[in-house]
Amino acid sequence: AVAAAAIGYVGGAASVADLLGSEALTRLLLPYPSRFAAYRLATGHGRCIQGVNGQSTHRGTLCYSFDFKLAVGTPVLAVRGGVVAAVVDHFAGGGAKAHLAPRANFVAVRHRDGSYARYYHLRKNGSRFRAGDVVKRGQQIAWSGNTGYTGGPHLHFDLVNLLPEETSTLRVASPSRLRRPLRSVAAAFSCELPEPPLRAPLRLVDGAEVCGGRPSGPWIALADRDPAATFAQKVEALAAKGASAAVVANNRSGPELFAMGGCERASRIPCVLISKEQGVWLKRALESESVTLELAAHAATKKAEPMAAQLAALRARRGGAGLGGAPLSCQYGRDLRYVTRTLPVEFVAPSGDGFVPESGILYPPPRFCAAPRL
């Protein structure tokens, strides 16, 4: 067996300059078995239904993404070896409705260079592994499905510089009987998360009221997501009340987590999202006793630089070349640290040549044996 620490990325945030210099980005396997040519032609198995800069959803930070048509239950294969960083496989529904976007089952695999491969729209209970497991290149990791925001069964694949589920760590530090980790995701617009960790009392902010009063020292605000305000407005209101950090509880059950976005400017205080279920649990705990939380940057994002600094490093490495050589996904939110950005990749054909899938084409292309001459 291979130890996870030997494969997993350790040592802080991976820079775009480092990732774009990785040869591994151009040697990816297709994330599904090829099947017989006749089957692919009859069913469309493996057809790229949306590629780079796809008009439907592959825009902005998601521009280097690929959607492959696959029947529900098709094996999903690891394009590279690594460590499973996150698994979500409890959702059941899917359809072309925007509110389903955060409700797609997925598996994310962390690679040695700090990049992550993400495999989306898996069926319910469709992962074969748990977070922390080691997977090998070409190994089946899941079964495809049709969950989340989708117009039909397919696999969404992308390779990214940062995984929302590995941006922050949050835990109850006291009282000891409640001590436990809490799943959290840093806002895409969050300022730098604390390192060393911020350990501070938690206060529920309900409207204009800070329940329990404002402590004299640092404190962490807990507030519910507000449909009448943007995430950035919510966090700014908590900062204005004197909070040192903000924990926003989602208002939709699931559990459902995602990176809060919608703002190009970094927040004044660190901010993360937790699930509605965890928010309810914390509020109940606060009804009877004081709670102290500990918030910190995840090991995978320590010392993460804003994208502007990463692009400057990329230009320096390329001899001062302009932004023309920088990925399109990196030209949004340049002042932000925690934006997940897809990276340009190539898949490898059986011949050893690299290719970038294009919409409307089956991959690998069907080939038939020529009829023998008589």
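All values derive from a computational prediction rather than experimental measurement.

Caption draft 1: Main features of the packing of aromatic side chains. The final tally for this structure, using the stated rule, is ten aromatic pairs. Between the aromatic rings of tyrosine 32 and phenylalanine 68, the centroid separation amounts to 5.2 Å while the plane-to-plane angle is 55°, which identifies the pairing as tilted. Here tyrosine 32 is found in the loop between helix H2 (16-19) and helix H3 (37-43), whereas its partner phenylalanine 68 is found in strand E2 (residues 65-69), with 36 residues between them in sequence. With respect to class, tyrosine 32 is no different from phenylalanine 68; both count as buried. Pairing phenylalanine 106 with tyrosine 120 gives two aromatic rings, centres 4.8 Å apart and planes at 25°, and the pair type is stacked. Here phenylalanine 106 is found in strand E6 (residues 105-110), whereas its partner tyrosine 120 is found in strand E7 (residues 116-127), with 14 residues between them in sequence. Residue class for phenylalanine 106 comes out buried when judged on its relative accessible area of 5%. Judged by relative accessible area, which is 17%, tyrosine 120 ranks as buried. Every member of this aromatic cluster is reached through a ring pair, and the members are Tyr32, Phe66, Phe68, Tyr119, Phe157, Phe347, Phe355 and Tyr363.

Caption draft 2: Examining helix H4 (residues 231-240) more closely. All buried positions along H4 are accounted for by Phe231, Ala232, Lys234, Val235, Leu238 and Ala239. The buried residues of H4 occupy one face: seen down the axis, they fall within an arc of 160°. Against strand E15 (198-206), strand E17 (220-224), strand E18 (245-249) and strand E19 (271-274) lie the buried residues of H4. Count one or two residues on from H4 and you reach glycine 242, which has phi positive near 100°.

Caption draft 3: Expanded view of the state of the cysteines. For the structure shown, the criterion picks out zero disulfides. Unpaired in terms of disulfides, cysteine 48 finds its nearest cysteine sulfur in cysteine 63, a separation of 14 Å. Classification of cysteine 48 as buried rests on a relative accessible area of 0%. Distance from the sulfur of cysteine 191, which forms no disulfide, to the nearest cysteine sulfur (cysteine 271) is 6.7 Å. Residue classification places cysteine 191 among the buried positions, given a relative accessible area of 16%.

Caption draft 4: The side chain of threonine 301, seen in detail. Among the secondary structure elements, threonine 301 is positioned in the loop between strand E20 (292-297) and helix H6 (307-317). Beyond its immediate stretch of four places on either side in the chain, threonine 301 contacts Ala13, Leu162, Glu166, Thr167 and Tyr338.

Caption draft 5: Highlighting the pattern of salt bridges. In the structure shown here, the tally under the stated rule is 13 salt bridges. Between glutamate 289 and arginine 177 there is a salt bridge, with the nearest N and O atoms lying 2.3 Å from each other. Here glutamate 289, found in the loop between helix H5 (276-288) and E20, pairs with arginine 177, found in the loop between strand E12 (168-174) and strand E13 (180-182); they are 112 residues apart in sequence, far enough to count as distant. Given a relative accessible area of 22%, glutamate 289 falls into the partly exposed group. The partner of arginine 337 in a salt bridge is glutamate 192, with the nearest N and O atoms 3.7 Å apart. In this pair, arginine 337 is assigned in the loop between H6 and strand E21 (347-348) and glutamate 192 in the loop between strand E14 (185-186) and E15, connecting sequence segments 145 residues apart.

Caption draft 6: Structural view of the pairing of E19. Taking every second residue as pointing to the same face, both faces of E19 are buried, with Cys271 and Leu273 on one and Val272 and Ile274 on the other. In the sheet, E18 pairs with E19 via four bridges, with the strands oriented parallel. Looking at the pairing, alanine 249 lines up with isoleucine 274 of E19.

Caption draft 7: Representation of the environment of serine 275 within the structure. Looking at the secondary structure, you find serine 275 in the loop between E19 and H5. In this structure serine 275 comes out as buried when scored by relative accessible area, which is 3%. In this structure the C-alpha to C-alpha distance between serine 275 and phenylalanine 66, which are 209 residues apart in sequence, comes to 28 Å. Those residues in contact with serine 275 that lie beyond four places of it in its chain are Ala249, Asn250, Pro255, Glu256 and Leu257.

Caption draft 8: Region of the structure containing the side chain of glutamate 165. As for its placement among the helices and strands, glutamate 165 is situated in the loop between strand E11 (154-160) and E12. No salt bridge is formed by the buried glutamate 165, whose closest oppositely charged neighbour, arginine 183, lies at an N-O distance of 5.3 Å. Glutamate 165 has contacts with Ala86, Phe106, Arg183 and Val185, leaving out every residue within four places of it along the chain.

Caption draft 9: Highlighting the pairing of E17. With four of five residues buried, E17 is to be regarded as a mostly interior element. Looking at chain direction, E15 and E17 are connected through three bridges and run parallel. Bridge pairing in E17 places leucine 202 opposite isoleucine 220. As paired strands, E17 and E18 are joined by five bridges and run parallel to one another. Bridge pairing links leucine 222 to valine 247 in E18. Crossover connection from E17 via H4 to parallel E18: handedness right-handed.

Caption draft 10: Spotlight on the confidence of the model for the chain. Model confidence for the chain is summarised by a mean pLDDT of 92, while 94% of its residues fall at 70 or above. For the stretch residues 1-9, pLDDT sits under 50, and the model shows 20 contacts to residues farther than four places along the chain or on other chains.

Reading guide: rules and limits
- Residues numbered from 1 in each chain as written.
- Predicted model: local features only at pLDDT ≥ 70, side-chain atom pairs only at ≥ 80, totals over all residues.
- Heavy atoms only, no water.
- Phe/Tyr/Trp six-rings, centres within 6.5 Å; stacked < 30°, edge-to-face > 60°.
- Helix = DSSP H or I, 4+ residues; strand = E, 2+ residues; numbered from the N terminus.
- Buried < 20%, exposed > 50% of the residue type's maximum accessible area, 1.4 Å probe, protein only.
- Arc of directions from axis to C-beta.
- Contact = heavy atoms within 4.5 Å.
- Disulfide = S-S within 2.5 Å.
- Salt bridge = Lys/Arg side-chain N within 4 Å of Asp/Glu carboxyl O.
- Pairing = 2+ DSSP bridges.
- Lys, Arg positive; Asp, Glu negative; His and termini not counted.
- Right-handed = clockwise from strand over helix to strand, strands pointing away.
- pLDDT = per-residue confidence, 0-100.

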